[in-house]
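Observations on chain architecture
This is what each chain is made of:
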Amino acid sequence: MALKIYNSYSRTKEDFIPITAGHVGMYVCGPTVSGESHLGHARPYITFDVVYRYLTHLKLKVRYVRNITDAGHFEEEGREAEDKVSKKAQLEKLEPMELVQKYTNLFHWAMLQFNCVEPSIEPTATGHIVEQIGMIEEIIRAGYAYEVNGSVYFDVKKYAASHDYGKLSGRIIDDLLETTRELDGQEEKRDRADFALWKAAPAEHIMRWKSPWGEGFPGWHIECSAMATKYLGKEFDIHGGGMDLQFPHHESEIAQSTICNHVSPVKYWMHNNMITINGRKMGKSYNNVIKLTELFSGNHPLLSQAFHPMTIRFFILQSHYRSTLDFSNDALIASEKAFKRLWEAYEVLKKLSPEGRPASADTEAESKIRGWLGELESFMDDDFSTPKVLANLFEIAPLINSLKDGILPADAISSETLLNLKEQFRVYLEEIFGLCNPDGSNNERLQSVMQLLIDIRKEAKANKDFVTSDKIRNQLTAMGIMLKDEKDGTTSWGLA
RNA sequence: GGUCCUUUGGCCGAGUGGCUAGGCAAAGCUCUGCAAAAGCUUCUACAGCGGUUCGAAUCCGCUAGGGACCUCCA
C-alpha cells in the first residue's frame, strides 16, 4: 500500500499498514449533543468522511465508528442553569433526552447536507454505561484508579511511572503534575493531573446512573475507550479528531485502554487542525462561532449571503486538514465561485462524447491531461492532499471547456483519455470528495419550461427583437437563473 | 510561565533544497446584437536579519508578529 498517513503519535508520515489485511477500524470523536454544531465542527466530519471514502476507494473494508456524546453535565444553549427544574411540573422540566434528541437530529441533518457517509456504527455514551462501568472496575482492579466520595479518578502519576503519559500531546509529565489550577473536584484528587473516570452526581444533576460507587455519570474520556474497544477491538487502526482533543482527551484514552487491554489502542492517530476566524480559533469559549444553520441561511452579521453546504465542503477540502483554515465571508465567496466553475466543467465533461476521437493522440492536451490525472492518486496517498488534487482538476477544466467550444479540435485527445477523464472526475469529485450538484435543478417540468423560454428568446433574437430577448434573460437573471449562449448557437442555463 | 505550531503575491491557499501549484479579485484581448459564460494573456510572492550550500520560500540560528494546547473544546 502506497498510502502514507501523518501519525500524531510519532509526528511523522508513516506507511499505512492495516492491522488486519484488507480491513480498517476507524474511530472518530463525534459531537457533544448539548448544542448546535458550528463551522469548526464541520471540519473533522468532512475530513474523516474523505478519509473513509478514500480508504473505501482503495478497496479496504472500513468499519467507521463515530460516537455521540450524550452524557455529562448538560445545559441547553441560552437557558439558565436547570438546577431548579425539579420543582416544576414534569412537562416543564428539561428532559435530558429531549435535549439530546434535538441536537442529535440537527447534527444528522447537517451531515446529510454535507453529503457525509453515515458511519458504520454510531454509538451513544448513554447506551454504553455498562461497558464504561466495566472498564472503570477493571482499572481499579489493576490499581490505577481510586474512589473518593463516590467519584473515581485515574491515577496519572502511577501510570506515568511505567508508561508514556504525555507522548501523544508532547507533554512533560512533571509539568503536568506541577500545573497549578483550581478545578472542580481538585481537592478529591490525589494529584492535579488525575482525571475523572466517574463523577458522583450532585443532588440537582439530572443525568445520573447507578454504579458501584453510587449514582453519578461517566467521565468524558472513558466513553471513547469503552466504545472503541467494544466495536473495534483492543487495537485498531485509525483514531481521528480535532487537534484540541489531543490533550487531555486522547492522551487519557490511551492510558485507560492501555491499562484495561494491555496494549496501546491506536496505530495511527490523526488530528485535523482548527478553523479560525480573524486568526483565532473558532470556539464557543471565544464567542466567535458561526453555526451551520447560520451559514446555510446567511443569517449572521459576518455573512453577506447564504452558503450552500457544498461550498463549505469545498472550502474545507481546498486546504490541507493539518493546516489551520481561516474563515471569512470573502473566502467562502471565492470557494463558491471556484466550486461552481469546477462543477460546471464536470457537467460539460459528462456531455463530451468519445465518438469521433482517435484511438490515440500525440498532442499537448493529451499528455497534459494524462500527466495531471496520473498524479491524483499519489496526492491522496500523501496524507490526503486534497488541495493538490483540486489544483490538478482545475488545470484540466480549461481544456474541457476548450474541447466543448471547439477551440481544441475533437482529435486533440483520444477517446480512451476522454473516458478516463470522465471516470477520474467522477471518482474524485463525487466518490472520494463527496461533492454533489449544488443547484438541484433536475426537475423535468422546470427543464421543459426553461426550454420553452429559451426557444422563445431564440426566435426573438432571430427577429432582432432584442427587447423581448433581453427581457427574458434579465428577468431570469433576477430570479437567479443564468443563460449561457454557447458557441454552437444553443443556449444552456444554470443557477447563478 | 511551560510545550508546540505558524508567518507565502490585493485576498484565500498548496509547496520542504534547483523545474513560476491552484482558486478568488484585477487588467487587456477573442467570441457575442449587447451581455454573461468560456478561452487566451498579464500580475513571479515567500516576516526581518544572519548562517549552511554551487543553489533556500524550503535547512540552521537570532529577532519580530500571530496562534494552539496546558481547563470544557472539532
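**Description of the overall build of chain A**
- When you go through chain A residue by residue, the secondary structure sums to 15 helices and 15 strands.
- Here the C-alpha coordinates of chain A stretch approximately 90 × 55 × 35 Å along the principal axes.
- Here chain A, with 496 residues, has 50% of them falling under the buried criterion.
- Here the analysis covers contacts within chain A between residues at least 6 apart in sequence; of these, 75% occur between residues at least 24 apart.
- Carbon together with sulfur atoms contributes 51% to the accessible area of chain A, which is approximately 23,400 Å² in total.
- Side chains of chain A give 57 positive and 70 negative charges; the mean places of these two sets differ by 2 Å.

**Thoughts on the sheet that holds strand E5 (residues 145-148)**
- Read across the sheet, four strands follow the order E5-E6-E7-E8 without closing on themselves; strand pairing throughout is antiparallel. Edge positions in the open sheet fall to E5 and strand E8 (216-218), since each of these has one partner strand only. Within this sheet the neighbouring strands show an average axis-to-axis angle of 20°, counted without direction.
- Sheet analysis places E5 next to strand E6 (residues 151-154), joined by four bridges and oriented antiparallel.

**Examining helix H2 (residues 96-113)**
- Here H2 is 18 residues long and its end C-alpha atoms lie 26 Å apart, about the 26 Å a rise of 1.5 Å per residue gives.
- Of the residues making up H2, those classed as buried are Pro96, Leu99, Val100, Tyr103, Thr104, Phe107, Ala110 and Met111. End-on, the buried residues of H2 take up no more than an arc of 120°, which puts them together on one face. Facing away from the buried side of H2 by more than 90 degrees, the exposed set consists of Glu98 and Leu112.
- Summarising the contacts, the buried residues of H2 are in contact with helix H1 (39-57), strand E4 (61-66) and helix H8 (292-297).
- Asn115 sits one or two residues past H2 and shows a positive phi near 60°.

**Considering the sheet that holds strand E9 (residues 236-242)**
- With parallel pairing, the four strands of this open sheet are ordered in space as E4-E3-E9-E10. This sheet does not close on itself; its edge strands, each paired only once, are E4 and strand E10 (266-272). Neighbour-to-neighbour, the strand axes of the sheet open up by a mean angle of 20°, direction not taken into account.
- The sheet contact formed by E9 and E10 spans six bridges and is parallel. Considered in E10, the bridge of Ile238 is made with Tyr268.
- Here helix H7 (residues 246-261) sits on the sheet and contacts E9 and E10; the angle it forms with E9, its principal contact strand, is near 160°.

**A short note on the packing of aromatic side chains**
- Overall, the coordinates contain 19 aromatic pairs when judged by the stated rule.
- Ring geometry for Phe314 versus Phe339: centroids 5.3 Å apart, planes at 35°, classification tilted. Pair noted here: Phe314 is in helix H9 (residues 309-317) and Phe339 is in helix H10 (residues 329-351), with a separation of 25 residues, a long-range link. When sorted by exposure, Phe314 lands in the same class as Phe339, which is buried.
- Centre to centre, the rings of Trp343 and Tyr346 are 5.1 Å apart; their planes meet at 80°, and the pair counts as edge-to-face. Note that Trp343 and Tyr346 are positioned in helix H10 at a spacing of three residues, about one turn of the helix.
- Its relative accessible area of 5% is what places Trp343 among the buried residues.
- An aromatic cluster is built from Tyr144, Phe154, Tyr159, Tyr165, Phe195 and Phe247, whose rings are joined through pairwise contacts.
- Above the face of the Tyr146 ring, Arg190 is positioned so that its terminal group lies 4.0 Å from the ring centre.
- Taking NZ or CZ as reference, Arg322 lies 5.9 Å from the ring centre of Tyr321, over its face.

**Considerations on the nonpolar core**
- Residues Met26, Leu55, Leu295, Phe327 and Phe425 are the most contacted members of the largest nonpolar core, which totals 89 residues.
- Sorting elements by how many residues they give to this core places H1 first, with 10 residues.
- Met26 has contacts with Phe48, Val51, Tyr52, Leu55, Val62, Arg63, Tyr64, Val65, Leu232 and Ile238, leaving out every residue within four places of it along the chain.
- Leu168, Phe195, Leu197 and Leu232 belong to the second-largest nonpolar core, a separate cluster that totals 40 residues.

**Some thoughts on the packing of H1 against helix H13 (residues 415-432)**
- Contact geometry of H1 with H13 gives a least axis separation of 10 Å together with a crossing angle of 135°. Classified by the interaxial angle, the pair formed by H1 and H13 is oblique. Contacts between H1 and H13 involve Val50, Arg53, Tyr54 and His57 from the former and Val427, Glu430, Glu431 and Ile432 from the latter.
- Of the residues in the contact of H1 with H13, the class split is four nonpolar, one polar and three charged.

**Observations concerning helix H15 (residues 466-478)**
- Over its 13 residues, H15 extends 18 Å from the first C-alpha to the last, a length consistent with the 18 Å expected when each residue adds 1.5 Å.
- All buried positions along H15 are accounted for by Ser469, Ile472 and Leu476. Buried residues in H15, looked at end-on, bunch into an arc of 65°, giving them a common side. Of the exposed residues in H15, those oriented more than 90 degrees away from the buried face are Val467, Lys471 and Ala478.
- On its buried face, H15 sits against helix H14 (444-462) and strand E14 (481-485).
- Gly480 sits one or two residues past H15 and shows a positive phi near 90°.

What counts as what
Residues numbered from 1 in each chain as written. Chains lettered and ligands numbered in written order. Predicted model: local features only at pLDDT ≥ 70, side-chain atom pairs only at ≥ 80, totals over all residues. Heavy atoms only, no water. Helix = DSSP H or I, 4+ residues; strand = E, 2+ residues; numbered from the N terminus. Buried < 20%, exposed > 50% of the residue type's maximum accessible area, 1.4 Å probe, protein only. Contact = heavy atoms within 4.5 Å. Areas by Shrake-Rupley, 256 points an atom, 1.4 Å probe, with all protein chains shown as cover. Lys, Arg positive; Asp, Glu negative; His and termini not counted. Charge placed at Lys NZ, Arg CZ, Asp CG, Glu CD. Pairing = 2+ DSSP bridges. Axes fitted to C-alpha atoms, helices over the stretch in contact; angles between N-to-C directions. Expected span 1.5 Å × (residues − 1). Arc of directions from axis to C-beta. Phe/Tyr/Trp six-rings, centres within 6.5 Å; stacked < 30°, edge-to-face > 60°. Lys NZ or Arg CZ within 6 Å of the ring centre and 35° of its normal. Core = buried A, V, L, I, M, F, W, Y, C linked by side-chain atoms within 4.5 Å. Parallel < 35°, antiparallel > 145°, perpendicular 65-115°, else oblique. Nonpolar A, V, L, I, M, F, W, Y, C, P; charged D, E, K, R; others polar.

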